[in-house]
Amino acid sequence: MAYWLMKSEPDCFSIDDLARRPKKTSGWDGVRNYQVRNMFRDQMKAGDKAFFYHSSCAEPGVVGIMRIVSGAYPDPTQFDPAADHYDPKSTRENPRWLQVDVQFEKKLTKPVTLATLRAHAAKLKGMLLLAPGSRLSVTPVRPEHWDYVLNLAGE
DNA sequence: GCCAACGTTGGC
DNA sequence: GCCAACGTTGGC
């Protein structure tokens, strides 16, 4: 089983939004980055776990845990002209963008802010989230980093 | 295939 | 709102 960190802007889709969905499950749609697409396709598997990370907000950080509950499949929003992430160059015969389904597992009682993560940068060396200039919305997390962050959260 | 222009991300 | 970093696009 692999571990991941997945970013979302809470104004757009928050951990609470996920928890309120039927079966606490949602497609992680809107990804329009080839590296992330390839990770979905080649590496992410149902049963993997992921940190839910709130970005572009007052207090960015890890706020919860979710489980990957599907393999990669075409993101329907790419075909929808009314959707924000509509891609006119993508076709149903040859879809360009993929998504996975994620299920809410728990909300951290004590979120781990980006500032806290940075304060522990020495222990989290190699974590892509903290790498300068790293902007990927989905990144792999090493098991030791996963455990360390959970400790920071008091879990 | 190069590379400049442009768009996006995301912390601050 | 600013800006640095990075990805994508498209002309050549």
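The rules behind the values
Residues numbered from 1 in each chain as written. Chains lettered and ligands numbered in written order. Predicted model: local features only at pLDDT ≥ 70, side-chain atom pairs only at ≥ 80, totals over all residues. Heavy atoms only, no water. Helix = DSSP H or I, 4+ residues; strand = E, 2+ residues; numbered from the N terminus. Rg over C-alpha atoms; globule rule 2.2 N^0.38 Å. Contact = heavy atoms within 4.5 Å. Areas by Shrake-Rupley, 256 points an atom, 1.4 Å probe, with all protein chains shown as cover. Lys, Arg positive; Asp, Glu negative; His and termini not counted. Charge placed at Lys NZ, Arg CZ, Asp CG, Glu CD. 1 Å grid on protein atoms, 1.4 Å probe; cavity = no way out; pocket = protein on both sides within 12 Å on 5 of 7 lines; lining within 4 Å. Points joined across faces, edges and corners; volume = space filled by probe spheres on them. Nonpolar A, V, L, I, M, F, W, Y, C, P; charged D, E, K, R; others polar. Pairing = 2+ DSSP bridges. Near = heavy atom within 4 Å. Polar contact = N/O pair within 3.5 Å; in protein donor to acceptor, adjacent residues only side chain to side chain. Buried < 20%, exposed > 50% of the residue type's maximum accessible area, 1.4 Å probe, protein only. UniProt positions renumbered as here; feature names shortened; annotations may be inferred.

As annotated in an unreviewed UniProt entry, chain A carries the name Putative RNA-binding protein with PUA-like domain and is attributed to Sinimarinibacterium flocculans.

Caption draft 1: The arrangement of the overall build of chain A in detail. For chain A, the count of helices and strands is 4 helices and 8 strands. Mapped in sequence order, the helices and strands of chain A form the string β-α-β-α-β-β-β-β-β-α-β-α. For 155 residues, the compact-globule estimate of 2.2 N^0.38 gives 15 Å, and chain A sits close to it at 15 Å. Principal-axis analysis of the C-alpha atoms gives chain A an extent of 45 × 30 × 30 Å. Residue pairs in contact within chain A that sit at least 24 positions apart in sequence constitute 71% of those at least 6 positions apart. When the accessible surface of chain A is totalled, it reaches about 8,400 Å², and 50% of it is carbon and sulfur. Across chain A, the mean location of the 22 positive side-chain charges is 5 Å away from that of the 18 negative side-chain charges.

Caption draft 2: How the structure looks around the layout of surface pockets. A volume near 640 Å³ is recorded for the largest pocket. Along the walls of the largest pocket sit 21 residues, with S8, C12, D29, G30 and H85 positioned nearest its centre. The set of elements that each furnish at least two residues to the lining of the largest pocket consists of strand 1 (3-8) and strand 2 (25-27). When its residues are assigned to classes, the lining of the largest pocket shows 4 nonpolar, 10 polar and 7 charged.

Caption draft 3: Representation of the pairing of strand 7 (residues 101-113) in the model. The sheet contact formed by strand 2 and strand 7 spans 3 bridges and is antiparallel. For T25, the partnering residue across the bridge sits in strand 7 and is Q103. Bridge count between strand 4 (residues 61-68) and strand 7: 7 bridges; the pairing is antiparallel. The partner of I68 across the bridge, within strand 7, is V102.

Caption draft 4: The arrangement of the protein's contact with DNA strand B in detail. Residues in contact with DNA strand B, as listed here, are K7, Y53, S55, S56, P60, L114, R118, R135 and L136. Looking at DNA strand B alone, sugar and phosphate atoms form 76% of those within 4 Å of the protein. K7 is positioned such that a nitrogen or oxygen atom in its side chain is 2.9 Å from a phosphate oxygen of DNA strand B. Between DNA strand B and Y53, the relevant distance is 2.9 Å, taken from a phosphate oxygen to a side-chain nitrogen or oxygen of the residue.

Caption draft 5: How the structure looks around the environment of T116. As for its placement among the helices and strands, T116 is situated in helix 3 (residues 114-119). You can call T116 partly exposed: its relative accessible area is 29%. For T116, the side chain forms a polar contact with the side chain of T113, separated by 2.9 Å.

Caption draft 6: Local environment of the UniProt feature "domain: EVE" (unreviewed entry) in chain A. The feature "domain: EVE" (unreviewed entry), as annotated in UniProt, sits at residues 2-151 in this numbering. Helix makes up 20% of residues 2-151 and strand makes up 29%, while its end C-alpha atoms are separated by 18 Å.

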